[in-house]
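Results of the structural survey
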Amino acid sequence: MQQQINDMKPDLLAAIESASDLTTLDEIRVSALGKNGRITALMKGLGALSPDERKQAGQILNTFKTEIANALEAKKQALETAVLNARLASESVDVTLPTRPDTHTGRIHPISQVMEEMLTIFAQMGFELAEGPDIEDDWHNFEALNIPPSHPSRQMQATFFMENAPGTILRTQTSGVQIRTMEKGKLPIKIVAPGRTYRCDYDATHSPMFHQIEGLVIDKTTNLSHLKGVLEEFMKLFFETDDVVLRFRPSYFPFTEPSYEADVGGALAKTVGKEWIELLGCGMVHPQVLRNCGIDPNEYQGFAFGCGIDRFAMLKYNIPDIRNFFESDMRWIRHYGFLPLDVPTITSGLSMNGGKK
Ligand code: DAH
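Residues numbered from 1 in each chain as written. Predicted model: local features only at pLDDT ≥ 70, side-chain atom pairs only at ≥ 80, totals over all residues. Heavy atoms only, no water.

**Quick word on the site of the ligand**
In the neighbourhood of the ligand, 15 residues make up the surrounding shell, with Q173, S175, R199, Q212 and E214 lying closest. In this structure, an oxygen atom belonging to the ligand sits 2.5 Å away from a side-chain N or O atom of E214. In isolation the ligand has 360 Å² of accessible area, and contact with the protein removes 91% of it. Looking at the shell around the ligand, the elements with two or more residues in it are β5 (209-219), β8 (277-285) and β9 (301-308). Grouping the constituent residues of the shell around the ligand by class yields 5 nonpolar, 8 polar and 2 charged. (Near = heavy atom within 4 Å. Polar contact = N/O pair within 3.5 Å; in protein donor to acceptor, adjacent residues only side chain to side chain. Areas by Shrake-Rupley, 256 points an atom, 1.4 Å probe, with all protein chains shown as cover. Helix = DSSP H or I, 4+ residues; strand = E, 2+ residues; numbered from the N terminus. Nonpolar A, V, L, I, M, F, W, Y, C, P; charged D, E, K, R; others polar.)

**A few points about unusual backbone geometry**
Note that the residue after L187, namely P188, is joined by a cis bond; omega there is -5°. Structurally, P188 can be placed in the loop between α8 (176-183) and β4 (189-198). A cis amide bond, omega -5°, links E257 with the succeeding residue P258. Following the sequence through the fold, P258 ends up in strand β7 (residues 256-265). The backbone phi angle of E240 is positive, close to 55°, even though this residue is not glycine. Topologically, E240 is positioned in the loop between α9 (224-239) and β6 (245-253). One non-glycine residue, N318, lies in positive phi territory at about 60°. Along the chain, N318 turns up in the loop between α12 (309-317) and α13 (330-336).

**Observations concerning the packing of aromatic side chains**
Under the defined criterion, the tally for this structure stands at 15 aromatic pairs. Residues F122 and F305 carry aromatic rings whose centres are separated by 5.6 Å and whose planes lie at 25° to one another, so their mutual orientation is stacked. Remark: F305 occurs in strand β9 and F122 occurs in helix α5 (residues 110-124); sequence separation between them is 183 residues. Each of the two residues, F122 as well as F305, counts as buried. With 5.9 Å between their ring centres and 15° between their planes, F239 and F312 make a pair best called stacked. Placement of the pair is F239 in helix α9 and F312 in helix α12, with a sequence separation of 73 residues. One exposure class covers both F239 and F312, and it is buried. Each residue in the set F122, F127, F234, F238, F239, F303, F305 and F312 is aromatic and connected to the rest through ring pairs, giving one cluster. Positioned over the ring face of F238 is K316, at 4.6 Å from the centre of the ring. Stacked on the ring of Y202, the Lys or Arg R323 has its end atom at 5.3 Å from the ring centre. (Phe/Tyr/Trp six-rings, centres within 6.5 Å; stacked < 30°, edge-to-face > 60°. Buried < 20%, exposed > 50% of the residue type's maximum accessible area, 1.4 Å probe, protein only. Lys NZ or Arg CZ within 6 Å of the ring centre and 35° of its normal.)

Okay, structure coming up:
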């Protein structure tokens, strides 16, 4: 028996050791320990021996069998580890790679896109971002802006009042952020403040919730020509054309003196069949507003402007009805929305790869 084992062992161990994959290894196992295997044949041969011989040979054979089984198991594990490592190496995920934009779902809402475009332009001009609360008090939304309780312009802005919080309202305009910024007492000021605004109004061009962006510049020498320069430059960059003609029409706002409404003409107005389109309100900040915020109008002056973001989005991207913005209709957002990775920049184009282009 020992002799037979000695003859078999070196070759068998060498074969196990050099098996290059799990299939080969299993073939070796079957040839040794399987039903018709060589070691199995030796086991069967034990029956022909005398009881004493059988006991001795059986022990030797069992030891051998265990040795081979262990060798097979060790090799099997080594091969399995190698297979796993190879798979891990080939299937590894590089989490630093940029995500792939999903072209079928997920769109940036046109309002977000336009807000981002506007902020990109104003940031380049050196404006800082300012914010105020949607739930505002009378002082910031009206009083400090030179709109006393009896003032007719209060009626023009159909205000939502907060039933459970007397004295508070949903802001009707972002102009209150002017007051909040000036009250902080840090001068000079050069801010834009985008955000939601609310008025009790509902038709194709009015939504009870809409968006405005406010601008405020306060310094010692700030004047009307700065206002015109900023707005003209803004319009050209925003509408991505030099063919922008601006007209300043005398108007009235309680918080500016003089006050203007700026209209845009030229090719842009013609696309919607008009000669002029009303774009925004603006003017030089009223001295009383400065005083209300503790700023000396003899030392400081400035300009302000405010406009509807939704209106700009409708004009630039040819969107006919403001109410669609807020209906969450997937077909609409797929058509008018923007791809998530198309971040607006001045150099590569604000709306370069916009949804429709
Ligand atoms: N707050 C005004 C509105 O909602 C718009 C406006 C007009 C803002 C003139 C201004 C401004 O800052 O100077 O109709």
